[in-house]
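# Structural features, examined
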Amino acid sequence: MGTADRHRLIGELLRTREQATVDELVDATGASGATIRRDLEILAANGVLKRIHGGARSLLARGENPGYGQRELEDHQAKTRIAEAVDGLINDREHVWLDSGSTATEIARRLGKRELTVMPMSLHGVEALTGQQSGRAPQLILPGGSLIAGEQSFRGPMTEANVRSLRFDTAVVTPCALNLKDGLLAHDLDDAAVKRAGLESAARVVVASAGSKWNASAVALVAAMDAVDVIVTDQKPSPEDLARLNKLSVEVVIV
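Rules behind the numbers
Residues numbered from 1 in each chain as written. Predicted model: local features only at pLDDT ≥ 70, side-chain atom pairs only at ≥ 80, totals over all residues. Heavy atoms only, no water. Helix = DSSP H or I, 4+ residues; strand = E, 2+ residues; numbered from the N terminus. Rg over C-alpha atoms; globule rule 2.2 N^0.38 Å. Buried < 20%, exposed > 50% of the residue type's maximum accessible area, 1.4 Å probe, protein only. Contact = heavy atoms within 4.5 Å. Areas by Shrake-Rupley, 256 points an atom, 1.4 Å probe, with all protein chains shown as cover. Lys, Arg positive; Asp, Glu negative; His and termini not counted. Charge placed at Lys NZ, Arg CZ, Asp CG, Glu CD. Expected span 1.5 Å × (residues − 1). Pairing = 2+ DSSP bridges. Axes fitted to C-alpha atoms, helices over the stretch in contact; angles between N-to-C directions. Polar contact = N/O pair within 3.5 Å; in protein donor to acceptor, adjacent residues only side chain to side chain. Parallel < 35°, antiparallel > 145°, perpendicular 65-115°, else oblique. Left-handed = near helix turned anticlockwise from the far one by under 90°. Nonpolar A, V, L, I, M, F, W, Y, C, P; charged D, E, K, R; others polar.

Within the protein chain, the secondary structure is distributed over 10 helices and 15 strands. Taken over C-alpha atoms, the radius of gyration comes to 19 Å for the protein chain, in line with the 18 Å a tight globule of 255 residues would show. For the protein chain, buried positions account for 49% of its 255 residues. Summarising the internal contacts of the protein chain: among those between residues at least 6 apart in sequence, 59% fall at separations of at least 24. Summed over its atoms, the accessible surface of the protein chain is roughly 12,100 Å², and 47% of this surface lies on carbon and sulfur atoms. Both charge centroids of the protein chain, one from 30 positive and one from 34 negative side chains, sit 1 Å from each other.

Take a look at the structure:
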């Protein structure tokens, strides 16, 4: 089992239980105790778990929203396919607004070799867009505002004002949750406000969402589903949901 696969497995185990010992993780992964201890130090530094004597403790014991480091380990293959599909929907030389979050970072890795102008909403996105060894690279516009620790995402009135002062060909929105009744949702009002500014400033709205986000729980409304032009997802909606999306003229791309 490779390092990335081990990290994902450890993250998944601590998503469903309060803590795990080194010995339990050795049994689950087949790795040595020394390797597991190194893995736990790396994952703790990235905010996935808390290192304790003899093992690790979940940061989600009370049901909190997973931190960025935890989310980056989840649905990785789905996010990779979603990013590839989103990349195919964007034409060269477009002006693109790109949301924050782990799915958006995966999309940024794909767009990092493109001739585009991109406004990324997180430093994770900035790093992914500028970290490619390629002859071509996007031009970046940074939004300013306050920086949220851990998420490394831009928030606040300055961010919203700078986003709204521009016009984009495409906004790529990565909601925290979505459903056909409410639409696109975020976990807090500040994130919802920035997402809303992005989609309202774009000619076309592409929503990128792994199946785990469908009908998930979130409290802040971003926009109704009729604001969306395309949804890229790894989950096939039911025939009834597809009919409702078709009625709203929302294209669904299933990866």
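Spanning 14 residues, helix 1 (residues 3-16) covers 21 Å between terminal C-alpha atoms, matching the ideal 20 Å at 1.5 Å per step. Those residues of helix 1 that sit buried are R6, H7, R8, I10, G11 and L14.

Take the sheet that holds strand 13 (residues 220-223) next. Judged by pairing direction, the sheet is antiparallel, and its 3 strands sit side by side in the order 10-11-13 without closing on themselves. Edge positions in the sheet fall to strand 10 (177-179) and strand 13, since each has one partner strand and no second. With direction set aside, neighbouring strand axes in the sheet form an average angle of 35°. Sheet topology note: the strand 10/strand 11 (residues 183-186) ladder contains 3 bridges and is antiparallel. By the bridge assignment for strand 11, A177 is matched with L185. In the packing of helix 9 (residues 189-200) onto the sheet, contacts are made with strand 11 and strand 13, and the angle to strand 13 comes to roughly 5°.

It is worth spelling out the side chain of R114 at this point. Relative to the elements of secondary structure, R114 occurs in the loop between helix 6 (102-111) and strand 5 (117-120). One polar contact links the side chain of R114 to the main-chain carbonyl oxygen of I90, over a distance of 2.6 Å. Once residues lying within four places of it in the same chain are set aside, the contact partners of R114 are D87, I90, N91, D92, A137 and P138.

The next thing to look at is the packing of helix 5 (residues 76-89) against helix 6. One way to put it is that helix 5 packs onto helix 6 with a least axis distance of 8 Å and a crossing angle of 50°. It follows that helix 5 is oblique to helix 6 by the angle criterion. As helix 5 packs across helix 6, the resulting crossing turns out to be right-handed. Only S102, T103, E106, I107, R110 and L111 of helix 6 make contact with helix 5, whose side of the interface consists of H76, K79, T80, I82, A83, E84, V86 and D87. Grouping the constituent residues of the contact of helix 5 with helix 6 by class yields 5 nonpolar, 4 polar and 5 charged.

For the rest of this paragraph, the subject is the sheet that holds strand 2 (residues 49-52). Within the open sheet, the 3 strands sit side by side as 1-3-2. Their pairing is antiparallel. The open sheet has two free edges, formed respectively by strand 1 (19-21) and strand 2, since each of these has just one partner strand. Averaged over all pairs of adjacent strands, the angle between their axes in this sheet comes to 25°, without regard to strand direction. The pairing of strand 1 with strand 3 (residues 55-58) spans 3 bridges and is antiparallel.

What follows covers unusual backbone geometry. Although it is not a glycine, R93 adopts a positive phi angle of roughly 70°. A residue is classified by how much of its surface remains accessible, and R93, at 59% relative accessible area, is exposed. Despite not being glycine, Q152 shows a phi value in the positive range, around 55°. Its place among the elements puts Q152 in the loop between strand 7 (146-148) and strand 8 (153-155).

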